[in-house]
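# Observations on the model geometry
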Amino acid sequence: MKTVIKNIFTTLLLLSVSGTFAQIIKGHVNNTENSPLESANIIINGTTLNTTTDLNGNFSIDLQGKLPVTLLIQYTGYKQERILIQSLPESSLNILLTEDNQLAEVVISSRRRIEKAQNVPIPISVVSGKQAEQAGAFNVNRIKELIPSVQLYSSNPRNTGINIRSLGSPFGLTNDGIDPGVGFYVDGVYYARPAATTLDFIDVSQIEVLRGPQGTLFGKNTTAGAFNITTRKPSFTPGATIEVSYGNYNYLQAKASITGGLSKKIAGRISFSGTQRDGLIDNVATGRATNTLNNQGIRGQLLYTPSENTNVLLAADITTQRPDGYAQVIAGVAPTQRAAYRQFDAIIADLGYQLPSNNAFDRKIDHDTPWRSNQDLGGASLTVDSKIGLGTLTSTTAWRFWNWDPSNDRDFTGLQVLAKSQNPSRQTQFTQEIRYSGEISSQLKGTAGVFLMDQTSKTNGTEESGNAQWRFSQSTTSEKWKTPGLFEGYGIKTNASIHGVSAAVFGQLDWEITEDLHVLPGLRYNYDKKDADYDRKTYGGLQTNDPELIALQKLVYSDQNFAKNTDATDFSGNLTLSYKATDQINAYATYAKSYKPVGVNVAGLPTLNGAPILELAVIKPEKVNHYEAGVKSSPFNNAILNVTFFNTNITDYQTNVQAAELGVNRGYLANADKVRVRGAELDASFVINEHFSFNGAATYTDGKYIKFINAPLPLEETGAAVSFKDVSGTSLPGVSKWAGSLGGEYTTAAKLFGNLGKFFVGIDSYARSEFSSSPSASKYLIVPGYAIFNGRFGFRAAEGLSINFWARNILNKDYYEQLLPAGGNAGHYAGVLGDQRTYGITLKYSL
């Protein structure tokens, strides 16, 4: 850490050296009422050189040979201005400062041009990098507390799903065989792995969350929405920020970023983030806390500007995570319909075992298999933007990788049921997008592009039984189950791979029929191809020729092998009408036909008479019909109130099924016939005066299976005479009827160590109602609703030192983020626990 800070300051010094002769700049500072501002601070960025304005708002400052420079103009209660001076101006500068107690006009780039969010006929939420930092939202899991339409479920990085309006990824364990329905883009580069959403943000400028299908705007098809994340770009003006946070549980996070010109046409930026924290769950078997944080990431960028019309950006990043696992705690036991001797309590009694606690929120485990959740991911991209005619041609070429090295205790106990459960994976992807956006005529704007992605995912897994496996798998009263060593060391080695190709042509127009009435048609053609190979072989255990013993072993694990190749094409599109009734009211309505590509199963298939059910290997594409209407309004000055109503109908919904068979490693994918999600959203923000501001969001979501007649059995019905259940009319998993966030902040002008800034006190809250945590609703796997409160206070400055004291989950609320049954469905289930109360301090210094 000390070396990083030293290097930052050394580089800053080198970037700042430019000359030694005196150069004077004069200027005048006024407010919007054309009144002079006395005692405004004028600072040369990156130096200690500064002055103040006189009674008439005039100033002069000696640059001391430093060109180019950036002037910072600061005055209490007004927005800071930054002015780049590349050469001495011929006349005095006239500078206008505007008050900062006004609601900021948020601009976005999701439609490939810079425009105000309130003018865009898409339901979109925007979180600035500063907002995310102030709220402690350093990854997507924290962003969901600011945008209640977003849901993220993660039992570990691999098993992560991100949904918008409860759609996007099947709830539960991840299967590589399908594509996510929520696009995740960083600086225009598509991240195919959901695990990317668990990473710490590095030098983020803005996060835009678009809701609803967006396949005509983005290269990869998205049925539920998209995250469009932009990072801070290199600047020719030298600058740097250093941030350090410390909190309870030995939480330590350090961030640093430095930027500056390397030549007249090349600028660079390098950013670093590192996070560590002790574990939040005690493993009484090892005497060590688990579920730690141990993340490091670095991102570098080079900006080349060969001409006024062309920018070339080369970026590369790498992130490593080495936490001590993502252990889950047993949350309860459901009585199943299996025989009495197959109930969990009877099983552990026979084995002389007792859980370390019957209360999950004691946060105690005794897991005997080490938890390991190591992942590395990163990549490089080259983006070229060139102004041609009335638009911009953009080419984004990228390569990315993801390596996953896990170890899990899938029985959630201190018994050796599963001695090993690990499925290391490696995924690589290449993407190429070429897009043109601009004006076609005075009344017609548009975006058109082509997209290609080639990705390969390979898994080499091992699952191995321990000495308690016989009792958990025992399905008859035969004494042969007790044969010594029958299952100990008996397991499966799996080699699974998927090679996928996705190609698309897409485009959208914005036709201005009148100044207030716009029609926006969009169209997309997509081709998807997937080649899957799955091979699983048993090994170990008692070597015997006894056919009865061999049959018992095969009831637990059996060999399985299949290969499937599939492809599909699809036309999709949307049509939006937008009408700006007044300057304060913008109404819109959208119909979209979308789809999620064909899928394949590569985590094992259920068996029938000992053979895999091969018709389950291919998963049909989802077909989506989406309707939406909304109003974006500014009912009074410094206020925004947006309302959206939506209805989404899906045919062949791709869902995740947790199988009772242990050999189906992470569940398998299936199609539900029909699903419907409908609801309403409200977004509001307003500034009362220069001191008080508030923001809030709420969403009502009604998600149901309209028809799903071959759903898996709920946990408590395991062992019933039938294998499937009709769950038509029941709720989708992961769907809370109600979710919302509410926050407010008080600020007042202050001065700290000579720096002008603001003292602030803020509080944020997030709440959601109960939801099902199982593909087929189980009364034991209902996550209760909860509400959490976060707070902060401190001093914030644009330049110099900022201090932030913060606390999360102030009331120390006990809550689950997810519930999931143990492998084999013996009746016990575990919980992913929300963090208990955490608190700390963040120091940030900006130059």
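Treat the numbers as computed from the prediction; the structure is a model and nothing was measured. (Residues numbered from 1 in each chain as written. Predicted model: local features only at pLDDT ≥ 70, side-chain atom pairs only at ≥ 80, totals over all residues. Heavy atoms only, no water.)

What follows deals with the pattern of salt bridges. Evaluation of the coordinates by the stated rule reveals 38 salt bridges. The partner of Asp-531 in a salt bridge is Lys-529, with the nearest N and O atoms 2.8 Å apart. Here Asp-531 falls in the partly exposed class, since its relative accessible area comes to 21%. Residue Lys-529 is classed as partly exposed on the basis of its relative accessible area, which comes to 29%. Note that Lys-593 and Asp-570 form a salt bridge whose closest N and O atoms lie 3.9 Å from each other. Of the two residues, Lys-593 is situated in strand 34 (residues 585-596) and Asp-570 in strand 33 (residues 560-582); the sequence distance between them amounts to 23 residues. According to the relative accessible area criterion, Asp-570 is buried, its value standing at 14%. (Salt bridge = Lys/Arg side-chain N within 4 Å of Asp/Glu carboxyl O. Buried < 20%, exposed > 50% of the residue type's maximum accessible area, 1.4 Å probe, protein only. Helix = DSSP H or I, 4+ residues; strand = E, 2+ residues; numbered from the N terminus.)

Summarising burial for strand 51 (residues 816-821): 6 of the 6 residues are buried, a large majority. Across 5 bridges, the pairing between strand 51 and strand 52 (residues 828-833) is antiparallel. Within the sheet, the bridge partner assigned to Leu-819 lies in strand 52 and is Gly-831. Hairpin geometry of strand 51 and strand 52 is characterised by an intervening segment of 6 residues between the two adjacent antiparallel strands and by a positive phi of about 95 degrees at Gly-824. (Pairing = 2+ DSSP bridges.)

What follows is about the nonpolar core. Counting residues in hydrophobic clusters, the biggest one holds 42 residues, and the most contacted among them are Phe-184, Ile-207, Phe-227, Tyr-653, Val-675 and Tyr-705. Residue contacts for Val-675: discarding those within four places in its chain leaves Thr-648, Asn-649, Ile-650, Tyr-653, Lys-704, Tyr-705, Ile-706 and Leu-732. Counting residues in hydrophobic clusters, the runner-up holds 19 residues, among them Phe-171, Ala-334, Ala-360 and Phe-771. (Core = buried A, V, L, I, M, F, W, Y, C linked by side-chain atoms within 4.5 Å. Contact = heavy atoms within 4.5 Å.)

Glancing now at the sheet that holds strand 4 (residues 58-62). A sheet is described by the order of its strands in space; here 3 strands give the open sequence 4-1-7, paired in mixed fashion. Each edge of the open sheet is held by one strand with a lone partner, namely strand 4 and strand 7 (93-97). Strand-to-strand twist across the sheet, computed as the mean angle between neighbouring axes with direction ignored, equals 30 degrees. Here 5 bridges tie strand 1 (residues 24-31) to strand 7, and the two strands are oriented parallel to one another. What sits directly across from Asn-30, in strand 7, is Leu-96. (Axes fitted to C-alpha atoms, helices over the stretch in contact; angles between N-to-C directions.)

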